[in-house]
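# Working through the structure, step by step
Take a look at the letters that make up each chain.
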Amino acid sequence: MFGGKGGVGKTTSSAATALHFARRGLRTLIISSDLTPSLSDIFETEIGPMERPIPGVENLYGLEIDPDEVMRRWKEKFGPEVYAAASALVDLPYDEVVDYVAMAPGIQEEFMLDYILERIRDRRYDLIVWDTAPAGDTLRLLGLPQRFLEHLRVAPKVYLEVRDTFKLSRTPFLEIIESWKQLSEQTIRFFTDPENVEFIMVTIPEALGVYQSRRVIRDLRRHGLTVRYLIVNDVIREPDCEFHRQRWEMQQRYLRQLREELDGHLTLVELPLLPYEVKGVERLAEVERYLFA
């Protein structure tokens, strides 16, 4: 998983990493869950919400998660049992009931994680590289399984009160609640196990990027995720004019700060400021060489 604030180079870093492992023979899927995904732009090919091979790179596949597609699959997977349970309480058309339940807070995000886990469970890929949404959205997403689980712990009590009030004999909601609890527990276990997941932060050597990275790293620890690698993007290597010299001095202050604060806790990987935009496999291969030097 690659995380960080918007605009720091998460997509570039994750795409170059996916390219690296695909070229070494690992069947690799790169996923973007950003609401404005740019995998198609950086690989210069249409990707979209269905897994498809990246032209010119053997073993590499791409997927841009569409929230509408996630919900369509959620309705396909859970719609019939949700309707069967709800029909014990209300007499409404199928689509109205399922659409209403699908709007519950956290449902979409919870099953986006499940959607990604399904790509892992089917074992068609050796490695999945996830280009996550900007940091705040990612932290919210990672915290949802626990909050969803806490919500589900009180749900049986509410349902039983409704059942007793209306003297209902059927209890299908309890089975759904139990299955969703198990799903949340599985999600939490998977994403907090370092044997399964490596979370890599990406930042730039400027105040907003550095300060937010520190906060995100602390927040991730609270979710049980330890960050071992921090990619610092757009580093000026050889200042050759007054503008670049001033920028270089500013960047060096933040790089020293990161080294002092994070020394021994994680590895800093510096990506130089490049004179061109990174688009296409050839340019990504240059970034790959810096990342894996």
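Our structure is the block above this text.
Scoring rules and cut-offs
Residues numbered from 1 in each chain as written. Predicted model: local features only at pLDDT ≥ 70, side-chain atom pairs only at ≥ 80, totals over all residues. Heavy atoms only, no water. Helix = DSSP H or I, 4+ residues; strand = E, 2+ residues; numbered from the N terminus. Buried < 20%, exposed > 50% of the residue type's maximum accessible area, 1.4 Å probe, protein only. Contact = heavy atoms within 4.5 Å. Areas by Shrake-Rupley, 256 points an atom, 1.4 Å probe, with all protein chains shown as cover. Phe/Tyr/Trp six-rings, centres within 6.5 Å; stacked < 30°, edge-to-face > 60°. Lys NZ or Arg CZ within 6 Å of the ring centre and 35° of its normal.

Quick look at the overall build of the protein chain now. Each helix and strand counted, the protein chain has 10 helices and 8 strands in total. Here the protein chain, with 293 residues, has 46% of them falling under the buried criterion. Within the protein chain, residue pairs in contact and separated by at least 24 positions form 72% of the contacts whose partners lie at least 6 positions apart. As displayed, the protein chain has an accessible area near 15,400 Å², and 50% of this comes from carbon and sulfur atoms.

Attention shifts here to the packing of aromatic side chains. Across all of its chains, the model carries 3 aromatic pairs by this definition. Note on Y61 and Y125: the rings are 5.7 Å apart at their centroids and 65° apart in plane angle, and the pair reads as edge-to-face. With Y61 in strand β4 (residues 60–64) and Y125 in the loop between α5 (107–121) and β5 (127–131), the pair connects residues that are 64 residues apart, well separated along the chain. An identical accessibility class is assigned to Y61 and Y125; each is buried. The ring of Y115 has R119 sitting right over it, with the charged end atom 4.8 Å from the ring centre.

Spatial relationships are all this shows, so hold off on functional conclusions.
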